[in-house]
Amino acid sequence: MGHDLTRGLKLAFIDMSGTTFQDNGLMERAFIRTVQDLGVDTGSLRFAGMLAYLRDTLGQSKVRVFQQLFQGDPATALRATHEFERQLDELLSAEGVQPVEGAAESIERLHKAGLKVCLATGYNRHSQNMILESLGWMGLADLSLCPADAGRGRPYPDMILTALLALDIGDVREVMVVGDTTADMQAGTRAGAGLKVGVLTGAHLGPALKSAGADVVVDSIRAVPALLQLPSSHRDSGSHGSRGESVRRLAMPG
């Protein structure tokens with residue numbers, strides 16, 4: 001990796017699901033329950049197509065996904081979105097999620113090197129907070145964002161640009177995007193991020209991530225500090241309350 005790509009980075013915009021934590025199938029289970037509730041036969045070709053679309057669009061706002069699945073029927077799309085959120089929150093409450101090994105330590109190393117960190121999701125704010133609380137990460141990042149905070153989710157650049165403004169970053173080329181989906185890489189490309197790093201702990205494989213705009217693909221977020229040539233850290237990655245305050249949420253006007 002050329003030093004020109006890693007030099008001058010000030011913000012790490014990091015995807016959550018598949019990049020920093022594993023949901024152990026909770027999202028797909030919430031989706032299946034949702035479409036069953038709407039009368040879709042899970043043994044049908046229609047269901048198979050819907051599930052394939054969900055997997056192809058991992059990383060995108062679930063509001064947008066349901067709008068596409070129920071084109072021409074906005075009332076059903078809205079009902080599906082609300083039911084999915086309810087089902088997901090129920091599963092999160094019952095089972096929680098598991099961190100990707102070394103994710104918290106890697107974020108701490110980025111902080112120690114002077115980078116600000118934004119954690120981003122395609123879920124809604126309530127689900128995102130449940131995930132952060134489940135992981136004990138409410139004090140880990142400088143900012144957390146969901147699509148509603150920015151207007152549109154990935155693959156649009158809105159969340160990245162919102163993070164840049166909220167954290168007072170002067171140039172989008174000072175932003176590094178880290179994620180496991182093609183939508184993450186597309187958003188980074190559209191925003192003009194200085195470095196786009198694909199990881200292989202989630203949805204999509206290396207060739208797809210590269211085709212979508214990744215500058216480099218690594219095994220996991222654990223490799224990102226070394227990619228930036230940061231020193232190793234011996235800090236206890238389980239003690240995140242020491243940052244002194246919870247994850248900052250974007251204060252939206254109105």
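Below you will find a few notes about this structure. (Residues numbered from 1 in each chain as written. Predicted model: local features only at pLDDT ≥ 70, side-chain atom pairs only at ≥ 80, totals over all residues. Heavy atoms only, no water.)

**Describing the overall build of the protein chain**
Heads up, the condition is: Secondary structure elements follow DSSP: runs of H or I no shorter than four residues count as helices, runs of E no shorter than two count as strands, and numbering proceeds from the N terminus. Pairs of residues are marked as contacts when any of their non-hydrogen atoms sit within 4.5 Å.
What the protein chain contains, in helices and strands, is 12 helices and 8 strands. Partitioning the intrachain contacts of the protein chain with sequence separation of at least 6 by distance along the chain shows that 69% fall at a separation of at least 24.

**Quick notes on helix 10 (residues 182-191)**
Keep this limit in mind: With a 1.4 Å probe rolled over the protein chains alone, any residue whose accessible area is under 20% of its type maximum counts as buried; one over 50% counts as exposed, and the rest are partly exposed.
Here helix 10 lies mainly inside the structure; 7 of its 10 residues are buried. Taken residue by residue, helix 10 has T182, A183, D184, M185, A187, G188 and A191 as its buried positions. A positive phi of about 85° marks G192, the residue just after helix 10.

**Things to note about the packing of aromatic side chains**
Rule in force here: Any two of the Phe, Tyr and Trp rings considered here, Trp counted by its six-membered ring, make a pair once their centres fall within 6.5 Å; the pair's planes then place it as stacked at under 30 degrees, edge-to-face at over 60, or tilted in between. Over a ring means this: the NZ of a Lys or the CZ of an Arg is within 6 Å of the ring centre and within 35 degrees of the ring normal.
As enumerated under the stated definition, the model contains 3 aromatic pairs in all. Aromatic side chains F66 and F84 sit 5.7 Å apart centroid to centroid with 55° between the ring planes, which places their arrangement in the tilted category. In this pair, F66 sits in helix 4 (residues 62-69) while F84 sits in helix 5 (residues 74-95), placing the two residues 18 residues apart along the sequence. Assessed through its relative accessible area of 2%, F84 is described here as buried. On the basis of an interplanar angle of 45° and a centroid distance of 6.4 Å, the ring pair of F84 and Y123 is categorised as tilted. Linking F84 in helix 5 with Y123 in the loop between strand 4 (116-120) and helix 7 (125-135), this pair joins segments that are 39 residues apart in sequence. What makes Y123 buried here is its relative accessible area of 8%. Through a chain of ring-to-ring contacts, the aromatic side chains of F31, F66, F84 and Y123 assemble into a single cluster. Directly above the aromatic system of Y156 lies the positively charged group of R152, at a separation of 4.0 Å from the ring centroid. The lysine or arginine in question, R190, covers the ring of Y156, its NZ or CZ lying 5.8 Å from the ring centre.

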